[in-house]
Every structure is written in C-alpha cells, then in structure tokens.
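Fold and contact review
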Amino acid sequence: MPLVDRPSLDKARYEMEVCNACRYCEGYCAVFPAMMRRREFTDGDLNYLANLCHGCKACFHACQYAPPHQFGINVPQTLASLRAETYAQYAWPRPLAVLYRKNGVTVAVVVALGIALVLGGLAFLKPEALTTGQGGEGAFYRVIPWRVMAGAAGLSLLWSMLALTMGGIRFWRDTGGGLAKGGAAAQAIHSVLTLRYLGGGHDGQDGCNDVGESFSQERRAFHHALFYGFGLCFASTCVAFVYDHFLFRAAPYPLTSAPVILGTAGGAAMMIGAGGMAWLKAVSDPRPEARQVLGGDYALLALLFAAAATGIGLLALRDTDAMPVVLAVHMGVILSLFALLPYSKMVHGLYRGLALLRSAAEAKQEGS
Amino acid sequence: MGEAQLRDPDVLVVGGGNAALCAAVTARRAGASVLILEHAPRDMRGGNSRHTRNLRAMHAAPTEVLTEAYLEDEYWQDLLRVTGGQTDEHLARMTIRASRGALDFMDGCGVKFQPALSGTLSLSRTNAFFLGGGKALVNAYYATAKALGVEVAYGAEVRSLALDKGRIAQVEAVVGEETLTLKPKAVVVASGGFQANLEWLREAWGPGAENFIIRGTPYATGTVLKDLLGQGAASVGDPTQCHAVAIDARAPKFDGGIVTRLDCVPFGIVVNKTGARFHDEGEDVWPKRYAIWGRLVAQQPDQIAWSIIDAKARELFMPSVFPAITADTIPELAVKLGLDPAAVQATVDGFNAAVRPGEFKPTSIEDGCATQGLTPPKTHWARAIDTAPFIAYPLRPGITFTYLGLKTDETARVQLEGGGAASNLWAAGEIMAGNILGKGYLAGFGMTIGTVFGRISGEEAARHALG
C-alpha cells in the first residue's frame, strides 16, 4: 500500500526493499548497485543512498510500480525528501538546522539581509561613497575599502568551510565511516567533474529523464555550465588576488585582462546554467519531484544567477554613477552566497561527492 | 486525445504492449495510417510488456549487449526442451532467425539495453536486457510511435470485432463513456492472453482459481480472443493451461510483477495447510523448477502453501519484498502461519531425521545434500531445519500467461476453423504465442515472439491496407 504518511526514512526503506527485489534499474546509476550490496538498510545506508541519488528521474519513468500502482514507488521523490532532511541532520552547528526548515525563505532572507547590510553600512558609515561615481584604478576600494571587502568575504568563507567540514564528517560517520582508497577518490572526482550520473546508462551516453519520459543531456549541460562557470568566477577572483597582491594592480581591471575575461565568461555560463536548470525544473514532469525541496532549489538557482548577474552588471556599469550601488549589491549577494554555502542546497555538492566516494570504494572492494 | 479525432485508420492495432507497438511502428513506417486502441489508461499502458526485462536473441558473435554466441540450433533445442515438443518447428525456427534483427529494430525505436555481463541472472549470453526494464522499452516505443504520427487512444477497450466471411468488417470499442465503431482496412490484434479473466480461469481450473494471483496486467481479459474464437477463428494451445509460478501469497491480486517472486523454496521445505510436505523441493536448480510450483500449490487445499527455512538459508536467495515471518521455534512459527504446531513440528522432525550429510552447493545441481527414506524425498539442498530463527513465506499460484491463442501462419495471418485464413486480420504477441510456445516457459521468448510477429503483422497489415 502507498505509505504516504510515513516518515521519509520508513518510506525510503520500504521503497529500497521493493527495488531490491526488482533491480530492473540497476543499469541507470550508482544508487542501485549500492542498494544491491545490501539486504537490509540502516538509517545511515538510506541517508547515503539519498545523497548518492542525482535526481535524474530515469528510475521513476521506468518503474512498473510507480503510482498509480498500489506499491506507489517513487524513488526520486522519496530520496529527494530524505536528502533534504539529511542536510538538516548534518548541519553544524546543530541549532542552524532550522535554516533548512523553509530553505527558500532562509536563502531569500539572508540575501536580503546581506544586501541591506552592505548598502546600509555604506549609507551609514560612508554616505558620500554611494553617490560619487568614480572610475579608474582602485575605484572599487574607494567605495568599500579592500580590507573590509576581503575581511568580510574571508571570514564568511572560513566559517562556511568549517561548517561544511563538520557536516561532511557527520555525513561520513553516519553512513558508515571507514577509509576510502585513492583509486576510489579519483573515480569519485571523475564522476563529479563529468556528472556521469546525469548522463544515464552506457557511461553517460544515454541521457536522463530531465523533463519527462524522453532522454536528454540538458540538465547535465546546464549543471556543467553552472558548475564550471562558478569555477571560472572563482579563478577570476584568484587571478585578481594575484594581480592585487603581487603585481600591485588594483581592480577594476581592463576588459581584456584575465580576471575580467574569466569572470565574464564564468558569469555568463552561470546565468545560462542557473536559468536553464530553473527552466527545466519548471517544465519537467512534477510527479517524481519532491515539492517541499523546490523552494530551496529555486532559491539557490536564483542566488547563483544573481551572483553572476550583479557581477556582470558591475562590469557594465563600473564607469557610471551607479557603480557604488551595484558594487554594494554584488558584494551583498556574494557575502550571502558564502554564508549560505553550508545552509542551502549548495551542500548537495559536498554530500553527493562523499556519497560517490563511498560508492566507488564499495565497488572497488566488491571487485577485489 | 478526444474521440472525435479517431477516424477509421488503414491499420487498427488492438492492444498496447510490445507486439502492438512493433506492429504499429512497422505499419506506420510502411506508410499506413495507424490507430492503437489500448485498454489501459496511459500510466498503466503496455500490457505485460511493462513487467518484462529482456528478449532472447539469436546471435553469431558477441555484441555490445550479448556475450559469446547463441545459434539457431541451440535456441531451437532450448525451446524444444521447455515445450516438450508442443511447438511448430517451422514457425519457431523462423522466429528464432528473425530474432537476429530484432535488436537493431529496437535500437532504431529508442530502446536502450544494459551492457552485457551485468545483472545477477546468468542470461547475458542468450538474452538482451532492457535498460530500466519493460516499462522503459514501452515508453521508447510510444515515443517513437508518436513521432511517426501513430494515433493512440488510452482507456479504449475493444469489445467486439465483426468477422464476416473471413473479413473484419467493423470493430466496436468503448472509449470512456462512448461506444465507437471503426471500419479499418486491416486489423492487428495484439491484446494478450486471458489470464486476468478470473471467470475464464475458473472454467478451466474450478473454484480454486479464486485464489490465483495474476502477476501481470489486469487488462489481459481475453475479450478479443474469446470474441474471435466464437466467430470461427482457429485456436491453438491447451485452453486449460497457463504458466503459473509460486509467488508470495501477500502479493496484490494483479500487477505484482517480479518482486513477488520467492526464491527460497530449494533451501527449505514446503508444507501445505495440513502441515505436510507434498513435493521434492530440491528437484532441480530453482530457475528450472520455478514454473512447476505454481501448479503444485494450486493443487493443494485452498491453493496455499508455506516455504519454511532456517537462519542458515537466509542469505542464499534474492531479498523478498514482503517481510519474512519469523519465530524462535517451529511450533511458534506454525502458530503464526495458522497451522497445527504439532503437525509442522512432526514434518520438520521427520525431514531432519532423513537428512544425510553431503556437500552443500547452493547454486549447483551437483549439490550432494539429499534425504533418505523420506516421501516425498528432497533430492538436493536438504539440510536440517534446526537453526533459529525459523523463517516462513506463504506461497500462492501466480499466473503469468495463458497458452490458448489464435492460430496463425508465418505471416501472422489469423487462420479460420475448417481451413482458410482471415483476409484482413493479423495477430501478434501473447494472443498467438501458443503457436510456438505451447507449453513451458523460456525467459525472454515472449518478447521475441511479440517483436518478431509484431513487425510481421504490421508489415502485412500495411501492405493489405495500402493495396
């Protein structure tokens, strides 16, 4: 019978038991081989499988037991619900698990606060900086001093890295602990960098059920755009840091400089990726989706889009009177993004990566 | 789609599973307009094909999805063995040879396969496994059919086909609230067997049929089959026979599919309602004996039995979807099963006393554990049931498919009683599989018959319709 009212863990356990007696989906992704290595499922096992699932939805569309069948199997939805619960479960420090309760609202409020803080801080402490557009080298730092900018970003990032590390440790312990060998790590990194499991069967050639019953590589492509776009923006920041510290050249940099080229390309890719992923989410068959996680999903996509869009906006308007306000907004968004790394859908990258590591380690152990 | 759009097609396909889809796609590609009438709603479309997983394909060399080679003669021998000769060698060999081209056709329709070597079943030499199983295959075919312009009506039950002088003059179907009369130029019936028709099963099996579980679609009611046989279409196959396996008695009445399977029988004993054993549980390796246990359980009082194993056997078979019934002693277990504790204890004691030492090989017929002086004997995997916790699973007959069908020739054309053939009626899939598989079961062969005859019937029907 459908178990709609049972908690996520019970529902996931029930569904994995049905799946384990069927196994028709074994060729789709890493979840099913991992499931097949077990006969019984501890809570930690289920949390692991939930984070190993990429939400490609192939198993839903192929499922002979999907609703309206009375077994009511809906693995992508069930694991997505459970996955969202694990984010709260592993959150550090624990009281901040509350931020996952309505994660879409959390993200929106934090971003609003972030922008308000920077804009308000400027207006209060340095009102003249907001109104005087100034071009030329060092213009950004005449609005917000470098020390303030780097200090705020660095502190929020440090805190987030600490929180993510603690969350990662909690995930790893909860799902069985142990050590993974180097080969497994290489394979996991490969799976992350290629999004192998958003590519469907045959080593990612077949595609996944991004929208409905038919197969495509669209979600994978958009996620790659977002992921590598983010990487380019990060690279842009690193190069800018080198320029500033070792070449003693202060931002803004010329249009043909490495930081601007990297940042522009990255920002454009991020906007395409985030926009594309949001579009796919909007048009895709809602049946295998977990409604309660959608708010947090859309919020993160909006935040990443905003981070890129305000960056590109700053580039476009950096020589105008609007620059200080746009800079403040961009900084507010970026600081919020850093602060939200451990308290938003962004954590999926960490737990997914670790789950892939565990899966690769298990497969190697099984093979040896 | 609205009923208003349903115009008389060149080719009408009755049914919505693998054979029907192969026929529809083939006929459409040949240039005919095609309408599929699928009894099930969209979410449950695809007949029993949605529960399948693989297709048996002849091949001379390893492919991406099949290992080694599987040639015509070996394939034929496999078929001959399971049918005990209840087959038609000409049709069978033709089907086997045609299976060579099936995978390319499927590939061209977007069906995806698992790479060879994977899976827990040792069938990767003979059978190509669909990635995601039969429902994924069905989805691919429907997508292909849609792209080609095949019309599909779901929830469309064909009630009768008027067979007049060997010609289908018109077809009556109920779609939603409306009754529809269609006059297609050619008709392909691919609407399956009658295994979901409990009344019909009762005719063949008596009141015990009430306790049968139907493993597949509830839409295989045999309405079209019965209608055509009643109008002089020639039949093939034993009307009283069906493929029945022993499945978990807690399975739903319909559509439980693969997960209701229980693989523990060879590792313990099976008792009936009186607590007594009734057949050699260790006759052969399980896949080969899987199919006789449906009939064996069907012959027991109230059509129920229980497989009893002990803790030693727990890890030896695929996990079951329904929880094991466990107890620390045999009498406690018997009470949980609603059986007489003394009778079950006596059966277990008698069995344990008859067990002789031997080498235990859980997956091989070379296993040396057998009973001595016990009736019925257990000839393999006989180990004492002595280690708590004791475990039981209830068994009932699970009907997979029926053998009675329409007699066809090698062009899939429906034959008539007293000779001759229908002029515009073809059959494909389970509704005519009895021509080739008159008895027994060969994994993935139903899909082979459906694909081969689906294609043939689609081609023939289109040729007829387009003149």
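Residues numbered from 1 in each chain as written. Chains lettered and ligands numbered in written order. Predicted model: local features only at pLDDT ≥ 70, side-chain atom pairs only at ≥ 80, totals over all residues.

**Here we look at the overall build of chain B**
Within chain B, the secondary structure is distributed over 11 helices and 19 strands. The C-alpha atoms of chain B give 24 Å as radius of gyration, which agrees with the globular expectation for 467 residues (23 Å, within 12%). Structurally, chain B occupies a C-alpha span of about 75 × 50 × 40 Å along its principal axes. Looking at chain B as a whole, 54% of its 467 residues qualify as buried. (Helix = DSSP H or I, 4+ residues; strand = E, 2+ residues; numbered from the N terminus. Rg over C-alpha atoms; globule rule 2.2 N^0.38 Å. Buried ≥ 20, exposed ≤ 12 C-beta atoms within 10 Å, placed from the backbone.)

**Overview of the overall build of chain A**
The helix and strand inventory of chain A stands at 16 helices and 0 strands. Expected size for 368 residues packed as a compact globule is a radius of gyration near 21 Å; at 22 Å, chain A falls within 12% of this value. Dimensions of chain A along its principal axes, counting C-alpha atoms only, are 70 × 40 × 40 Å. Counting across all 368 residues of chain A, residues that qualify as buried make up 48%. For chain A, the proportion of contacts with a sequence separation of at least 24, taken over those separated by at least 6, is 74%. (Contact = placed C-beta atoms within 7 Å.)

**Points about the confidence of the model for chain A**
Within chain A, residue pLDDT values average 93, and 97% of them lie at 70 or more. A low-confidence stretch, residues 1-6 of chain A stays under pLDDT 50, and its non-local contacts, those more than four residues away or across chains, total 7 contacts. (pLDDT = per-residue confidence, 0-100.)

**Thoughts on helix α2 (residues 72-83) of chain B**
Residues and elements named next belong to chain B. For α2, with 12 residues, the first-to-last C-alpha span of 16 Å sits near the 16 Å given by 1.5 Å per residue. The complete set of buried residues in α2 reads Tyr75, Leu79 and Thr83. Relative to the axis of α2, the buried residues are bounded by an arc of 60 degrees and lie together on one face. Residues of α2 that are exposed and point more than 90 degrees away from the buried face comprise Asp73, Gln77 and Arg81. In the core, the buried residues of α2 are packed alongside α3 (89-108). Following α2 by one or two positions, Gly84 has its phi on the positive side, about 55 degrees. (Expected span 1.5 Å × (residues − 1). Arc of directions from axis to C-beta.)

**Re the environment of A:Val148**
Residue and element names in this part refer to chain A. Inspection of the secondary structure assignment puts Val148 in helix α9 (residues 146-174). Accessibility expressed as a C-beta count within 10 Å gives 16 for Val148, which makes it partly exposed. Measuring from C-alpha to C-alpha, the distance between Val148 and Glu137 comes to 18 Å, with 11 residues separating the pair along the chain.

**Some thoughts on the interface of chain A and chain B**
The accessible area lost on association of the parts is a frequent measure of interface size. With 24 residues of chain A at the contact, the number on the chain B side is 26 residues. Secondary-structure elements contributing two or more residues to the side of chain A that touches chain B are α1 (8-22), α4 (58-61) and α11 (201-204) of chain A. Looking at the side of chain A that touches chain B, the element that brings in the most residues is α1(A), giving 5 residues. Across the side of chain A that touches chain B, the residue classes break down as 10 nonpolar, 9 polar and 5 charged. (Nonpolar A, V, L, I, M, F, W, Y, C, P; charged D, E, K, R; others polar.)

**Description of the sheet that holds strand β7 (residues 167-175) of chain B**
All names here are of chain B. Reading across from one edge, β6-β7-β8 is the order of the 3 strands in this open sheet, with antiparallel pairing throughout. The open sheet has two free edges, formed respectively by β6 (156-164) and β8 (178-182), since each of these has just one partner strand. Each adjacent strand pair in this sheet contributes to an overall mean axis angle of 20 degrees, direction not counted. Summarising the sheet, β7 and β8 pair through 5 bridges and their orientation is antiparallel. Bridged to Val171 within β8 is Leu182. (Pairing = 2+ DSSP bridges. Axes fitted to C-alpha atoms, helices over the stretch in contact; angles between N-to-C directions.)

**Quick word on unusual backbone geometry**
Note the cis peptide between A:Ala251 and A:Pro252, where omega equals 0 degrees. Position of A:Pro252 relative to the elements: it lies in the loop between α12 (218-246) and α13 (258-283). Positive phi values are uncommon outside glycine, yet B:Asp255 reaches one of about 65 degrees. Owing to 24 C-beta atoms within 10 Å, B:Asp255 belongs among the buried residues under this scheme.

**Points about the domain arrangement of chain B**
Residues and elements named next belong to chain B. According to the domain assignment, chain B contains domain 1 (3-198 + 403-465) and domain 2 (245-398). For domain 1 and domain 2, the distance between their C-alpha centroids amounts to 36 Å. If you look at the interface, domain 1 gives 4 residues, while domain 2 gives 4 residues. Classifying every residue of the side of domain 1 that touches domain 2 gives 2 nonpolar, 2 polar and no charged. (Domains from an automatic or database assignment.)

**Regarding the nonpolar core**
Core analysis: the largest hydrophobic core is formed by 256 residues, its most contacted members being A:Leu49, B:Val11, B:Val13, B:Ala23, B:Ala24 and B:Val188. Among the elements that make up this core, the one with the highest residue count is helix α14 (residues 291-317) of chain A (13 residues). Residue-level mapping places this core at the junction of two domains, with at least three residues from each of domain 1 (3-198 + 403-465) and domain 2 (245-398) of chain B. For B:Val13, the contacting residues outside a window of four places in its chain are B:Ala20, B:Ala23, B:Ala24, B:Val34, B:Leu35, B:Ile36, B:Val188 and B:Ala190. (Core = buried A, V, L, I, M, F, W, Y, C linked by C-beta atoms within 7 Å.)

**Some words on the environment of A:Tyr351**
Residue and element names in this part refer to chain A. Following the sequence through the fold, Tyr351 ends up in helix α16 (residues 348-367). Along the primary structure Tyr351 and Lys57 are separated by 294 residues, whereas in three dimensions their C-alpha atoms are 19 Å apart. Here Tyr351 is in contact with Asn51, Thr86 and Phe171, once residues within four sequence places are set aside.

**Observations regarding the environment of A:Gly349**
Residue and element names in this part refer to chain A. Mapped onto the elements of the fold, Gly349 is located in helix α16. C-beta crowding within 10 Å serves as the criterion here: with 14 such atoms nearby, Gly349 is assigned to the partly exposed category. Considered as a pair, Gly349 and Asn51 are 298 residues apart in the sequence and their alpha carbons are 9.4 Å apart.

**Considering the sheet that holds strand β18 (residues 413-415) of chain B**
Residue and element names in this part refer to chain B. The mixed open sheet is built from 6 strands, whose spatial order is β5-β2-β1-β9-β19-β18. Looking at which strands have only one partner, the edges of the open sheet turn out to be β5 (151-153) and β18. Neighbour to neighbour, the strand axes of the sheet diverge by 30 degrees on average, direction disregarded. For strand β9 (residues 186-189) and strand β19 (residues 421-427), the ladder comprises 3 bridges, and the chain directions are parallel. In the strand pairing of β19, Val187 is matched with Leu425. Seen against the sheet, helix α11 (residues 445-465) touches β1 (11-14), β9, β18 and β19 and runs at an angle of roughly 165 degrees to β9.

**Observations regarding the pairing of strand β14 (residues 305-309) of chain B**
All names here are of chain B. Buried residues dominate β14, accounting for 5 of its 5 residues. Across 3 bridges, the pairing between strand β13 (residues 269-271) and β14 is antiparallel. Looking at β14, one finds that Val271 is bridged to Trp306. Where β14 lies against strand β16 (residues 390-402), 5 bridges are found, and the strand directions are antiparallel. For Ile309, the partnering residue across the bridge sits in β16 and is Ile391.

**Comments concerning helix α5 (residues 75-89) of chain A**
Side chains that are three or four residues apart share a direction in an α-helix, a result of its 3.6 residues per turn. Helix length check: α5(A), at 15 residues, gives a terminal C-alpha distance of 20 Å against a target of 21 Å (1.5 Å per residue), a fit within 8%. Counting buried positions over the 15 residues of α5(A) gives 13, a clear majority of the element.

**Quick word on the packing of helix α6 (residues 103-125) of chain A against α14(A)**
Residue and element names in this part refer to chain A. Two numbers describe how α6 lies on α14: the axes approach to 6 Å, and their chain directions differ by 30 degrees. Our classification of the angle between α6 and α14 gives roughly parallel. Contact residues: Asn103, Gly104, Val107, Ala108 and Val111 in α6; Gly295, Gly296, Tyr298, Ala299, Leu300 and Leu303 in α14. Of the residues belonging to the contact of α6 with α14, the class tally is 7 nonpolar, 4 polar and no charged. (Parallel < 35°, antiparallel > 145°, perpendicular 65-115°, else oblique.)

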